[in-house]
Amino acid sequence: MALSPGRRLGPYEILSPLGAGGMGEVHRARDTRLQRDVAIKALPEEFAQVPGRLTRFEREARVLASLNHPNIAAIYGLEESDGASFLVLECVEGETLGARLASGPLSIEEALAVCAQIARGLAAAHEAGVIHRDLKPGNVMVRPDGSVKVLDFGLARAGDSGSTTLQDQSKSPTLTAATEAGVIFGTAAYMSPEQARGKPLDKRTDVFSFGCVLYECLAGRRAFGGETISDTLAAILTSEPDRDALPSEMPDRVRVLLRRCLEKDPARRLHDIADARIEIEDVFEKPEIPPAAPVRASLGSRLVWGAAGLIAGALAAFLAERALRLSRPSAALPAPARSALTLPPGATLRTGPFQPSMVFSPDGRRLVLAVRGGKGRLHVRALDRVQIEPIPGTESGHSPFFSPDGEWLGFFTGRELKKVALAGGAPLVVCAVPPVAQGGAWTPDGWIYFGIVNAGLQRVRSSGGNPEPFTTPDRKAGERAHVWPQVLPGGSQLLVVVRAGKDFQDYERSNLAVLSLESRTLRTVLAGVSFGQYEPPGHLLFLRGSSVLAAPCDPRTFEPSGPHFALPADVMVAGYARKPYLAAAAGVLAYAAGESEPLPSSTLVWVDGAGREEPLALAPGAYGSPRLSPDGKTLALNVTEGARESIFTYDLARNVLSPLLPEAGRSFNPTWTPDSRRIVFASFDEGWPRLYWKSADGSGSPEALSAGDTPEFPTSVSPDGRTLAYTADPRGGIDSMDVWLLALDGKRERRAWFETPFKEYSPFFSPDGALIAYTAEEAGQKAEVYVRPFPGPGGRIKVSGSDGGSEPLWSSDGREILYRSEADDLLAVRIVRSPTLAASASRLVLKTQLYLSGGREDYGRQYDISPDGKRFLFIKPLETKRQTITQLELVTDWPAVFGRAAKP
């Protein structure tokens, strides 16, 4: 399919060519819906004409779309336009490894750094059951910052015939040649022997190709070559690479690794690419075994260096030396060590937007982890021991932090702050807290400080009591919250993150500051930082953008005193909270490796009463709160991309997605007026989310409907268009919301419809405006659906059954209320209005775990019904491989390891 700049393929506008090969042309294009550059690979006509090939291609594209890893280029979709199929891929800036090798070999350090990242990407694919089968320098992209992306996982399979010269072999497309034994897939110069013979393949074929790439990076020439493809395949089957072409100063263990990767017999070859990654990182970052080791380890023992006894001994020796160094600066340190810490069977590290998962004791000798699985308790690992022990009574605990002496542990669980003695005993409740606490800190004078989303710090006596506000964000200066407190040496100051901007997710304008506990004044030490931690005797760790960085700092002012340097690029980062999964103390660093949490990918589908699906023609994205207009012509919904969440409209007849709000920011909860002409929504301004409305066709500017002095979430407009029902809490929190009403005519007066000490939200008018259905949570109980007469008087009745419920929705005739059960089923209850208001028993409408599973929308609804009541509109999550963390990386003397690597 010929492509030229300016041509449109659906929403994609072709910008310029990126390359071409046997698999077709690749072009840079602009995604006009999501406003990002992508790569478009147009499939050649002969590919689509092979029977069954396109079907298999589509199946593999779906599998590969589930791979989420920083060293794998993402696949966004397989689409069709004008009868031609094409791939939508991540547009990776930089140059291919093949282009870099055209000018000669890489240095040993650069070769190892590049190939370690290739190995990481391959390991992630192998864990997902995906084999590349065409790994070569041309399928590896090196970005300007040195990070590596592996391209074309398992997709390059177009037919190719005829001879190829030696110069062309490294650039040749995938071969597809039928043989009696099977089918050959791959590029000649990088095939494994079993691949060249057409035999069945497993992940060891990628290990061989990896060895070919590593050899070429070091030697500047291919491991196997010949004048024709046949000669090259013969060399792979019968010859050995020229070992003399490798650098003479190359470490012996890299030579051994190459030999094991390039074994012709798969049974003798290195079985797992993850072992190659470990060996390369060991060479690169730990050139010699620490002096405490009694003998030099063999290759096999180094590959399993994470064995319990050696880990414990090395870390114990390091910690002892570290303590000596702190007291005697001239004391020599052992060589930095790197190892793995594996969680107990069935346990994974707890992840969540506001829940730090790990913390070291002040002396760095114990690591506490919050885990999922089993009873989900906190666990403690003494670094001089092998076992990871559960801490009794800490079920559902998260965000752990230590007392100054390291003997007590504070943690949060649901709506309580607790503490527990590590020597034993039952946990004690310190106080009640909102469920959105962000970090805790325990000072030597017996106070515990903690942060809250969109608020200042609070503090409470560690012995227990009622928390009291300690700081108040300066709204005029743009401050939104003070979170993630950490006690600094001396105990009179805290390190805190000051959230700023229009949104608690506006991380670009967050700062790291030092808070004086005496004067309660803040002093900024780093700008543009969403998380920070001080590590004695003088380093700051912080997150800026998506990079985890460190810098030496002055231990008196805690301001940076030297250049920043990067920590490993694969440190996982919590998506919404912008906090890395790491902990550091006394020179020891623990972190979770892997791709940072992505936004969920989903699409939208119509589902009828029999469960039959009909997808909308929407590309995959992060969608939420779908709302059909009363006339049934337009869909309003949230679309999230990065830190931006905004409202789009989708024309159901023309299949056109358009932004309602082109301005940057965060807007959500679209709510239609009954005439389908306007959309009410909430948007962060310089405070809490504020109510606005705007013409549904996108014309004009948004008009504010409220003062924005309290968090407000709109959900429903009365059928006469005169009243907006919304959720709000004038007390400035989000844990005791009530149902409020706003007059949309006249003076825009607002009032609480009713107020209770509990939490009521998601109010929805019945089609005749005589009733309002809503959700309530009372005294820590599960959510239930209720209905009340509007405007009153009259008492409420409970609609949901014993299994609880939320997200109510009226049927189009107003005779039933549908709701989401705790089990994620869609249920319905018939409403009787005379002689008294009553509800029937619930009935099952649809089993909707496929659509409604996962997180719940507290102040809205994640589904809708067509105006004729015959179909439901659901958000359908796409299959993604959700990363679980079962192992952590441990690095001793991390400033030396990563600081040294950053030096020229």
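Right above here is the structure, for reference.
Residues numbered from 1 in each chain as written. Predicted model: local features only at pLDDT ≥ 70, side-chain atom pairs only at ≥ 80, totals over all residues. Heavy atoms only, no water.

Draft legend 1. Looking closely at the sheet that holds strand β26 (residues 479–487). Read from one edge of the open sheet, four strands run β26-β27-β28-β29, paired in antiparallel fashion. One side of each edge strand has no neighbouring strand; the edge strands of this open sheet are β26 and β29 (522–527). The sheet shows a mean angle of 30° between the axes of neighbouring strands, taken without regard to direction. Note that strand β28 (residues 511–516) and β29 share five bridges and pair antiparallel. Paired with L515 across the bridge in β29 is L522. (Pairing = 2+ DSSP bridges. Helix = DSSP H or I, 4+ residues; strand = E, 2+ residues; numbered from the N terminus. Axes fitted to C-alpha atoms, helices over the stretch in contact; angles between N-to-C directions.)

Draft legend 2. Up close: the packing of aromatic side chains. Evaluated as defined, the whole model comprises 17 aromatic pairs. When the centroid spacing of 5.1 Å and the interplanar angle of 90° are considered together, the rings of Y534 and F558 count as edge-to-face. Of the two residues, Y534 sits in strand β30 (residues 531–535) while F558 sits in the loop between β32 (547–552) and β33 (565–566), which places them 24 residues apart along the sequence. Among the residues examined, Y534 registers a relative accessible area of 4% and is labelled buried. Looking at F558, the relative accessible area reads 2%, which means it is buried. Clustering of aromatic rings is evident, with ring pairs tying together W753, F754, F765, Y774, Y786 and F790. For R459, the ring lying beneath its charged end belongs to W447, and the centroid distance is 3.7 Å. (Phe/Tyr/Trp six-rings, centres within 6.5 Å; stacked < 30°, edge-to-face > 60°. Buried < 20%, exposed > 50% of the residue type's maximum accessible area, 1.4 Å probe, protein only. Lys NZ or Arg CZ within 6 Å of the ring centre and 35° of its normal.)

Draft legend 3. Structural detail: the pattern of salt bridges. As enumerated under the stated definition, the model contains 33 salt bridges in all. Across the pair D825 and K847 runs a salt bridge, and its minimum N-O distance is 3.4 Å. Linking D825 in strand β58 (residues 825–832) with K847 in strand β60 (residues 843–847), this pair joins segments that are 22 residues apart in sequence. We classify D825 as buried; its relative accessible area is 10%. Owing to a relative accessible area of 52%, K847 belongs among the exposed residues under this scheme. Taken together, the salt bridges that share partners define one network made up of R28, R30, D37 and E93. (Salt bridge = Lys/Arg side-chain N within 4 Å of Asp/Glu carboxyl O.)

Draft legend 4. Summary view of unusual backbone geometry. A cis amide bond links P536 with the next residue in sequence, P537, at an omega value of 5°. Within the secondary structure, P537 sits in the loop between β30 and β31 (539–544). With an omega dihedral of 0°, the bond running from F790 to P791 counts as a cis peptide bond. Relative to the helices and strands, P791 is located in the loop between β54 (784–789) and β55 (797–798). Residues other than glycine seldom take positive phi values, yet S399 does so here, at roughly 55°. The backbone of N669 sits at a positive phi, close to 55°, despite the residue not being glycine. Secondary-structure assignment places N669 in strand β44 (residues 667–672). Residue N669 is classed as buried on the basis of its relative accessible area of 3%.

Draft legend 5. Representation of helix α4 (residues 108–127) in the model. Over its 20 residues, α4 extends 28 Å from the first C-alpha to the last, a length consistent with the 28 Å expected when each residue adds 1.5 Å. Counting buried residues along α4, 16 of its 20 residues qualify, which places the element largely inside the surrounding structure. Immediately beyond the C-terminal end of α4, within one or two residues, lies G129, with a positive phi of roughly 80°. (Expected span 1.5 Å × (residues − 1).)

Draft legend 6. Structural detail: the pairing of strand β37 (residues 588–591). Residues V588 and A590 line one face of β37 and the alternating positions L589 and Y591 line the opposite face, and both faces are buried. Both strand β36 (residues 582–585) and β37 contribute to a ladder of four bridges, which runs antiparallel. When the bridges of β37 are listed, A583 appears paired with A590. Adjacent in sequence and paired antiparallel, β36 and β37 are bridged by two residues, among which A586 carries a positive phi angle near 50°.

Draft legend 7. Representation of the nonpolar core in the model. Core analysis: the biggest nonpolar cluster contains 52 residues, and L97, I118, F210 and L218 have the highest contact counts within it. Of all the elements in the fold, those that place two or more residues in this core are α3 (97–101), α4, β8 (140–142), β9 (148–150), α7 (204–219), α8 (229–238), α9 (252–261) and α10 (273–285). V483, L512, W894 and F898 belong to the second largest nonpolar core, which has 35 residues in total. (Core = buried A, V, L, I, M, F, W, Y, C linked by side-chain atoms within 4.5 Å.)

Draft legend 8. Quick look at α8. Those residues of α8 that fall on the buried side of the exposure criterion are I229, T232, L233, A235 and I236. For α8, the buried positions fall inside an angular range of 155° around the axis, keeping them on one side. The exposed set on the far side of α8, more than 90 degrees from its buried face, consists of S230 and T238. (Arc of directions from axis to C-beta.)

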